[in-house]
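Observations on the three-dimensional arrangement
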Amino acid sequence: MTKMTLASYPHMLGFEQLERLLERTAKSAEGYPPFNIEQTSDYSYRITLAVAGFAEDDLSITVEDRQLVIRGRQGEDTQQRVFLHRGIAARQFQRSFVLADGVEVGEAVMENGLLHVDLTRAKPETIVQTINIRKG
């Protein structure tokens, strides 16, 4: 059986990077923390992560190589507490989202245990280019 790739289609030139991005995204399919992605207008989006138990100082948001990376790491609990049941895990996480060209990260807001990250996409320009044909 032959694996179908974007390179298998002769009319799709230069999409090798897109294929690598899709493979990289598929590898990071962990389910924690849960998140939503919503379209807030024609050219803007909002990613919302459920980060209950994390403070603003426990979270970091970076853009690395067109990839939005959100990390969470809770500090060590300095109080000596005895848990009879510990169902709320204090585990670290890393969530990655691949950004298309022209998508910029706006502000991040923490509200009621939810981290909201706003994104905007530049309105695409319609470009018509005429190519001259010269005699060979």
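Description of the structure in this document. Note that the structure is a prediction, hence the values are computed from the model and not measured.

Before going further, it helps to examine the sheet that holds strand E4 (residues 67-72). Read from one edge to the other, the open sheet built from three strands follows the order E3-E4-E5, with strand pairing classed as antiparallel. What marks the edges here is a single partner per strand, and that holds for strand E3 (59-63) and strand E5 (93-98). Ignoring which end each strand starts from, the neighbouring axes of this sheet average 15 degrees apart. The pairing of E3 with E4 spans five bridges and is classified as antiparallel.

Okay, the packing of aromatic side chains next. Taken as a whole and judged by the stated rule, the model has three aromatic pairs. Ring centres of tyrosine 32 and phenylalanine 93 lie 6.1 Å apart, and the angle between their planes is 90 degrees; this geometry places the pair in the edge-to-face category. One end of the pair, tyrosine 32, is in the loop between helix H1 (16-27) and strand E1 (35-41); the other, phenylalanine 93, is in strand E5, and 61 residues separate them in sequence. For tyrosine 32, a relative accessible area of 19% corresponds to the buried category. The exposure class of phenylalanine 93 is buried, given its relative accessible area of 6%. Ring centres of phenylalanine 54 and phenylalanine 93 lie 5.3 Å apart, and the angle between their planes is 85 degrees; this geometry places the pair in the edge-to-face category. Here phenylalanine 54 is found in the loop between strand E2 (44-50) and E3, whereas its partner phenylalanine 93 is found in strand E5, with 39 residues between them in sequence.

On to the sheet that holds E2, then. The four strands are arranged E1-E2-E7-E6 in an open sheet whose pairing can be described as antiparallel. The sheet terminates laterally at E1 and strand E6 (103-111), the two strands that pair on one side only. On average, each strand axis in the sheet is tilted by 20 degrees relative to the strand beside it, whichever way the strands run. Where E6 lies against strand E7 (residues 114-121), seven bridges are found, and the strand directions are antiparallel. Bridge pairing links valine 103 to arginine 121 in E7.

Considered as a void within the structure, the second largest pocket measures approximately 170 Å³ in volume. Lining the second largest pocket are eleven residues, and of these Ile47, Phe97, Val98, Leu99 and Leu119 lie nearest its centre. Considering each element in turn, the lining of the second largest pocket owes the most residues, three residues, to E5. When the residues that make up the lining of the second largest pocket are grouped by side-chain class, the tally is nine nonpolar, two polar and no charged.

The rules behind the values
- Residues numbered from 1 in each chain as written.
- Predicted model: local features only at pLDDT ≥ 70, side-chain atom pairs only at ≥ 80, totals over all residues.
- Heavy atoms only, no water.
- Pairing = 2+ DSSP bridges.
- Helix = DSSP H or I, 4+ residues; strand = E, 2+ residues; numbered from the N terminus.
- Axes fitted to C-alpha atoms, helices over the stretch in contact; angles between N-to-C directions.
- Phe/Tyr/Trp six-rings, centres within 6.5 Å; stacked < 30°, edge-to-face > 60°.
- Buried < 20%, exposed > 50% of the residue type's maximum accessible area, 1.4 Å probe, protein only.
- 1 Å grid on protein atoms, 1.4 Å probe; cavity = no way out; pocket = protein on both sides within 12 Å on 5 of 7 lines; lining within 4 Å.
- Points joined across faces, edges and corners; volume = space filled by probe spheres on them.
- Nonpolar A, V, L, I, M, F, W, Y, C, P; charged D, E, K, R; others polar.

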